[in-house]
Amino acid sequence: MRTNPLLPHRFKTLGWILFIPAAIAGIFIITTEAPPAFLNCQLPTVIQQLNGNETETNVNLANTLVGIVLIIGGLLLMLSKAEQEDEYISELRLNALLWAVVVNYALLLLALILVFDVNFLYVMIYNMFTILLIFILRFEYLLYQAKKSNP
C-alpha cells in the first residue's frame, strides 16, 4: 500500500517549539492590541503601486511574523509522522483532517449568518488558522485515546 509522504517524527518537536510560543504571542497581541513597537517598519506596497498611489506604508510586522510561525509550526505538527506510523494512525490522521474541515466550515457558515462588517474580516483572519488548530487538537486527542485504550 502506498502511503502519503510525511516528515520524520523529529519535526513534530520543532512544530511544537514554533506553534506554542506563536499561539501565545498571537493571543497576547490580540488581547492587548499592542504589538511591539520595535517591529514597526516601512514596506513597499505592491497593490497601491499598481494603482499609481503611495509606494510605501508603515506597518507592524508582529501579526505577520506570528502568523508565519504559527502556520509553519502547525504544518510541521500536521505533517510529521507519529512515533509508530501505521495504517491505524493514517486512518486517525484522515479522520482528524475530515473532522477539522467539517467543523471549520460549520463555524464559517455560522459566522456568515451571524457576523457582519469589519468583524467578519476578523473571523476570516482567524479562519486561516482554525483548520490547523482543529486538526492538531483532534489528532492528538485521537492518539491519546488510542494509547489509553491500547497500553
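This text gives an overview of the structure that appears in the document. (Residues numbered from 1 in each chain as written. Predicted model: local features only at pLDDT ≥ 70, side-chain atom pairs only at ≥ 80, totals over all residues. Heavy atoms only, no water.)

1. Observations regarding the overall build of the chain
Here is the rule: Working definition: helices are DSSP H or I runs of at least four residues, strands are E runs of at least two. Numbering for both runs from the N terminus. Note that the radius of gyration is over C-alpha atoms, with the globule rule given as 2.2 Å times the number of residues to the power 0.38. Relative accessible area decides the class of each residue, using a 1.4 Å probe on protein chains only: under 20% of the type maximum gives buried, over 50% gives exposed, and in between gives partly exposed. By definition, residues are in contact when any of their heavy atoms lie within 4.5 Å. Per-residue accessibility takes into account occlusion by the displayed protein chains alone, with areas from the Shrake-Rupley method and a 1.4 Å probe. His is not counted, nor are the chain ends, whereas Lys and Arg count as positive and Asp and Glu as negative. One atom stands in for each charge, and that atom is NZ of Lys, CZ of Arg, CG of Asp or CD of Glu.
When helices and strands are counted, the chain shows 5 helices and 2 strands. Scanning the chain from its N terminus toward the C terminus, one meets helices and strands in the order α-β-α-β-α-α-α. Taking 151 residues into account, the globule formula puts the C-alpha radius of gyration at 15 Å, and the chain, at 19 Å, lies well above it. Along the first, second and third principal axes, the C-alpha atoms of the chain reach 60 × 35 × 35 Å. The buried share among the 151 residues of the chain stands at 25%. Of the contacts made within the chain by residues no fewer than 6 positions apart, 68% connect residues no fewer than 24 positions apart. Accessible area for the chain stands at about 10800 Å²; split by element, carbon and sulfur atoms hold 67% of it. Between the mean site of the 8 positive side-chain charges and the mean site of the 10 negative ones, the chain shows a separation of 14 Å.

2. Here's the deal with the packing of aromatic side chains
The test is simple: For Phe, Tyr and Trp, rings pair up if their centres lie within 6.5 Å, where Trp contributes its six-membered ring, and each pair is then called stacked (planes under 30 degrees apart), edge-to-face (over 60) or tilted (otherwise). Should the NZ of a Lys or the CZ of an Arg lie within 6 Å of a ring centre and within 35 degrees of the ring normal, that charge is described as sitting over the ring.
For the structure on display, the rule yields 2 aromatic pairs. Both rings, one in Trp 16 and one in Phe 19, keep their centres 6.4 Å apart while their planes meet at 80 degrees; by these two values the pair is edge-to-face. Residue Trp 16 and its partner Phe 19 are both found in helix H1 (residues 10-32); the two are separated by 3 residues, about one turn of the helix. Taking the relative accessible area as the measure of exposure, Phe 19 reaches 8% and is therefore buried. Arranged with centres 5.5 Å apart and planes meeting at 10 degrees, the rings of Phe 135 and Phe 139 form a pair that is stacked. Placement of both Phe 135 and Phe 139 in helix H5 (residues 117-149) is noted, with a separation of 4 residues, approximately one turn of the helix. The pair Phe 135 / Phe 139 is uniform in exposure class, with both members buried. One residue, Arg 138, lies across the ring of Trp 99, its end atom 4.5 Å from the ring centre.

3. Quick word on the pattern of salt bridges
As a reminder, the rule being used: The working definition used for a salt bridge is a side-chain nitrogen of Lys or Arg within 4 Å of a carboxyl oxygen of Asp or Glu.
Throughout the structure, instances matching the rule amount to 2 salt bridges. In this structure, the salt-bridge partner of Lys 12 is Glu 140, at a minimum N-O distance of 3.1 Å. Note that Lys 12 is positioned in helix H1 and Glu 140 in helix H5, a separation of 128 residues in sequence.

4. Thoughts on H1
Basically, it comes down to this: Residue count minus one, scaled by 1.5 Å, sets the expected span of a helix.
Along its 23 residues, H1 runs 34 Å from first to last C-alpha, staying within 8% of the 33 Å computed at 1.5 Å per residue. Among all positions of H1, only Lys 12, Gly 15, Phe 19, Ala 22, Gly 26 and Ile 29 are buried. On its buried face, H1 sits against helix H3 (62-79) and H5. Where H1 terminates, the next one or two residues include Glu 33, which has phi positive at roughly 50 degrees.

5. Some details on the nonpolar core
Basically, it comes down to this: Put simply, a nonpolar core is a bunch of buried Ala, Val, Leu, Ile, Met, Phe, Trp, Tyr and Cys residues held in one set by side-chain atoms that sit within 4.5 Å of each other.
Residues Ile 89, Leu 92, Phe 135 and Phe 139 are the most contacted members of the largest nonpolar core, which totals 19 residues. Every element with two or more residues in this core is listed here: H1, H3, helix H4 (87-114) and H5. Sort the elements by how many residues they give to this core and H5 lands first, with 9 residues. Excluding anything up to four places from it in sequence, Phe 139 contacts Lys 12, Ile 89, Leu 92, Arg 93 and Ala 96.

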